[in-house]
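# Chains, contacts and geometry: an overview
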Amino acid sequence: MSERAKRVVPSVKPGTADRLKAGFGTLTKALATTAAIAMALVTGTDTAFAAGQAPYVVGNDRGGFVRDRLIELRNLRSSGRPVEIRGRVCYSTCTMLLGLPNTCISPNTTFGFHGPSRSGRRLSPEKFDFYSRIIAANYPQELNSWYMQTGRKRINSIYKIKGRELIRMGIRAC
């Protein structure tokens, strides 16, 4: 026992500190094990629940604001809910759904890609690059590369790609 401890608790019997230390070690291990089991149960329950959820079916979606889509993506990702893109069109920010792990697409859906803008007006080069990277980060790797090299260069029109072409790039078909 340290000299300071002896001054604070002078009546402690020899070996008490070692017993307390061992007891706290056992308690810490027990708490860690309990926490790990609780996390496994919660994670397992969420996964089982997500697997039984009805899919989030996307009909015709012409896009919207990046900020709003990021909120939707966060909610879908955390729920684990499957996403099915089955509409005639999925344009603009709708395409960001392609990066979710549980997304499948119809081969007949037309996907529309363009660079970020403010209601069709060009952004500053810094903002354009910033938002391009945010959008691309939500795509599978091959689509991410294409978007950064080509897809983002159109502002007032869109690149149209059929679902069957994206399926050939590795995106899962419904």
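Structural notes, computed from the coordinates. (Residues numbered from 1 in each chain as written. Predicted model: local features only at pLDDT ≥ 70, side-chain atom pairs only at ≥ 80, totals over all residues. Heavy atoms only, no water.)

## With respect to the state of the cysteines
- For the structure on display, the rule yields two disulfides.
- Across the disulfide from Cys90 sits Cys94; the S-S distance is 2.0 Å. The sign of the S-S torsion, about -110 degrees, decides the handedness of the disulfide formed by Cys90 and Cys94: left-handed. The same class applies to Cys90 and to Cys94, which are both buried.
- With a sulfur-sulfur separation of 2.0 Å, Cys104 is cross-linked through a disulfide to Cys174. Disulfide Cys104 to Cys174: torsion about the S-S bond roughly 95 degrees, handedness right-handed. You can see Cys104 sitting in strand β4 (residues 103-105) and its partner Cys174 sitting in the segment after α6 (163-168), a full 70 residues away along the chain.
- Given the relative accessible area of 37%, Cys174 is considered partly exposed. (Disulfide = S-S within 2.5 Å. Buried < 20%, exposed > 50% of the residue type's maximum accessible area, 1.4 Å probe, protein only. Helix = DSSP H or I, 4+ residues; strand = E, 2+ residues; numbered from the N terminus.)

## Section: the nonpolar core
- By size, the foremost hydrophobic cluster in this structure holds 24 residues, and its most contacted members are Ile85, Leu97, Leu98, Phe111, Phe113 and Leu166.
- Contributions of two or more residues to this core are made by α3 (66-79), β2 (83-85), β5 (110-113), α4 (125-136) and α5 (141-149).
- Aside from chain neighbours lying at most four places away, what touches Phe113 is Thr95, Leu98, Tyr139, Leu143, Trp146, Tyr147, Gly151, Ser157, Ile158, Tyr159, Ile161 and Leu166. (Core = buried A, V, L, I, M, F, W, Y, C linked by side-chain atoms within 4.5 Å. Contact = heavy atoms within 4.5 Å.)

## So, the packing of aromatic side chains
- Applying the stated rule across the entire model yields five aromatic pairs.
- Ring centres of Phe130 and Tyr131 lie 5.1 Å apart, and the angle between their planes is 85 degrees; on these two criteria the pair is classed as edge-to-face.
- Ring plane angle 80 degrees and centroid distance 5.5 Å describe the contact between Trp146 and Tyr159, whose orientation is recorded as edge-to-face. Of the two residues, Trp146 sits in helix α5 while Tyr159 sits in strand β6 (residues 159-162), which places them 13 residues apart along the sequence.
- Residue classification places Trp146 among the partly exposed positions, given a relative accessible area of 22%.
- Here a set of aromatic residues connected by ring pairs shows up, and it is made of Phe113, Tyr139, Trp146, Tyr147 and Tyr159. (Phe/Tyr/Trp six-rings, centres within 6.5 Å; stacked < 30°, edge-to-face > 60°.)

## With respect to the sheet that holds β2
- Taken in spatial order, the three strands of this open sheet run β1-β2-β4, and their pairing is parallel. Strand pairing shows two members of the sheet lacking a second neighbour, β1 (56-58) and β4, which therefore form its edges. Here the strands of the sheet are splayed against their neighbours by 20 degrees on average, with no regard to which way each runs.
- When β2 meets β4, the two strands line up parallel, connected through three bridges. What sits directly across from Glu84, in β4, is Cys104. (Pairing = 2+ DSSP bridges. Axes fitted to C-alpha atoms, helices over the stretch in contact; angles between N-to-C directions.)

## What to know about the environment of Pro55
- Note on placement: Pro55 falls in the loop between α2 (16-51) and β1.
- In the structure, Pro55 is positioned 25 residues away from Gly80 in sequence and 9.8 Å away in space, judged by C-alpha atoms.
- Here Pro55 is in contact with Arg81, Pro82 and Glu84, once residues within four sequence places are set aside.

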